[in-house]
Amino acid sequence: MSTTTAPADRELHDCRDAFVATLIELAADDPRIVAVVNDSVGSSKLGPFGARFGDRLVNVGIAEQDMVGVAAGLANGGKIPFVSAAACFLTARAMEQIKVDAAYSQHHIVLCGMSPGMAYGELGPTHHSIEDLAWLRTIPGLTVLVPSDPTETAQAIRWAAQHDGPVFVRVSRMGVPDVNPEGYQFAPGRAVVLREGTDVTLVAAGTVVVRALDAAELLAADGVSARVLSMPSIKPLDEDALLAAARETRGIVTVEEALTSGLGGAVAELVVRHQPVPMRFVGVPDSFAPTGSVEWLLEHFGIDASGIASAAREVLDL
């Protein structure tokens, strides 16, 4: 586990840029790497990849089940396919193929869920991908990653390219700042302590990690010491870091841009078996997320600094 403080530089980045730049670098060194898309070259920002490796970009059209099936065939033929599509359509429409063709068959396929969570904002419930973490973490043999910034996104993509098995990576379009410490190295199943604390632990993944850091600042102003644990790997989890948090602080708050049965459910299942501790879950409850801007949606569900801090105070009974 690594340690740093809340980010001072709030320049925002689109993690799709890090994804594409990394994929181009990998493809230049490894001719096995191909991209498979569902008529989403533009929204996946794969134009530069296609311009350089035109014969290694397969566009199946709006046919997500075929997309994953084609990727499985390519993997079976010795290629390393990166399947790139809006997370809502990749996971909902092609779940059977993800389960059978990727996970059950243990093919080396990298599933890149673009614009996850509520990044599509005004396009509404049909385009929100809030169920993906809850769905995918139940599939045996599938690694589920949720990078928090461009550095972590690039490293997760590099790791997935060499991992001999299926991987799902959330790739955010929502602007995020750099939050990881200098020299940070991603590894599956390893959390990052971004802020030390002794009263309560905020466990966050992806775009909301920075909001957990902001919440820790609000809590500090009230004399509450909040540990911030970034969890880029939903499956496998960093069990040691979570159980240490359960032992060393008085409660845990999970934070995700998803249904709370994703990261929250995974953490709860662990601690209830080994180190029961009071918990609160910040995310989307058992409901469809409505239509609205991304910032409005996050505030609507309390997935902001104020809402996270309030959940922490509830855990501590303040």
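Fair warning: this is a prediction, and the values are worked out from it, not measured in the lab.

(A) The layout of surface pockets, seen in detail. Approximately 170 Å³ is the volume attributed to the largest pocket. Lining the largest pocket we find Arg137, Ile234, Lys235, Pro236, Leu237, Glu239, Ala266, Glu269, Leu270 and Arg273. Contributing elements (two or more residues each) for the lining of the largest pocket: strand S10 (233–235) and helix H10 (263–274). Residues that form the lining of the largest pocket fall into these classes: 5 nonpolar, no polar and 5 charged.

(B) Geometry of the side chain of Thr22. Along the chain, Thr22 turns up in helix H1 (residues 15–29). Apart from the residues lying within four places of it in its own chain, the contact partners of Thr22 are Ala154, Ile157 and Arg158.

(C) Summary view of empty space enclosed by the protein. A complete count under the given rule lists 1 cavity of 30 Å³ or more for this structure. Its boundaries defined by the atoms lining it, the largest cavity holds a volume of some 60 Å³. Tallied by class, the residues present in the lining of the largest cavity amount to 4 nonpolar, 3 polar and 2 charged.

(D) Structural view of the sheet that holds strand S12 (residues 279–284). Spatially, 5 strands are ordered S7-S9-S8-S11-S12 in an open sheet, and the strand pairing comes out mixed. Because the sheet does not close on itself, it has two edges, and the strands there are strand S7 (192–195) and S12. Along the sheet, successive strands turn relative to each other by an average axial angle of 25°, direction set aside. In the sheet, S7 pairs with strand S9 (residues 226–230) via 3 bridges, with the strands oriented antiparallel. Residue Arg195 lies in a different strand from S9, and its bridge partner there is Val228. Set on the sheet, helix H8 (residues 209–221) makes contact with S7, strand S8 (200–204) and S9; between it and S8 the angle comes to about 160°. Of the strands in this sheet, S8, strand S11 (252–259) and S12 are in contact with H10, which crosses S11 at around 145°.

(E) Structural detail: the nonpolar core. Phe19, Phe82, Met118, Val200, Leu202, Val253 and Ile303 are the most contacted members of the largest nonpolar core, which has 68 residues in total. With residues near it in sequence (within four places) discarded, Met118 still touches His128, Ile130, Glu257, Val284, Ala289, Val294, Leu297, Leu298, Phe301 and Ile303. The next biggest cluster of nonpolar side chains, apart from the first, holds 45 residues, and it includes Leu142, Leu229, Ala246 and Val277.

(F) The arrangement of helix H7 (residues 150–162) in detail. In this model, H7 (13 residues) spans 19 Å end to end at C-alpha, consistent with the 18 Å of a helix rising 1.5 Å per residue. Most of H7 sits out of view: 10 of its 13 residues are buried. Burial in H7 covers these residues: Pro150, Glu152, Thr153, Ala154, Gln155, Ala156, Ile157, Trp159, Ala160 and Ala161. Where H7 is buried, its residues meet H1, strand S3 (80–86), strand S4 (110–114), strand S5 (143–145), strand S6 (167–171) and S7. Looking at where H7 begins, the residue whose side-chain oxygen comes 3.3 Å from the main-chain nitrogen of Thr151 is Asp149.

The rules behind these values
- Residues numbered from 1 in each chain as written.
- Predicted model: local features only at pLDDT ≥ 70, side-chain atom pairs only at ≥ 80, totals over all residues.
- Heavy atoms only, no water.
- 1 Å grid on protein atoms, 1.4 Å probe; cavity = no way out; pocket = protein on both sides within 12 Å on 5 of 7 lines; lining within 4 Å.
- Points joined across faces, edges and corners; volume = space filled by probe spheres on them.
- Helix = DSSP H or I, 4+ residues; strand = E, 2+ residues; numbered from the N terminus.
- Nonpolar A, V, L, I, M, F, W, Y, C, P; charged D, E, K, R; others polar.
- Contact = heavy atoms within 4.5 Å.
- Pairing = 2+ DSSP bridges.
- Axes fitted to C-alpha atoms, helices over the stretch in contact; angles between N-to-C directions.
- Core = buried A, V, L, I, M, F, W, Y, C linked by side-chain atoms within 4.5 Å.
- Buried < 20%, exposed > 50% of the residue type's maximum accessible area, 1.4 Å probe, protein only.
- Expected span 1.5 Å × (residues − 1).
- Polar contact = N/O pair within 3.5 Å; in protein donor to acceptor, adjacent residues only side chain to side chain.

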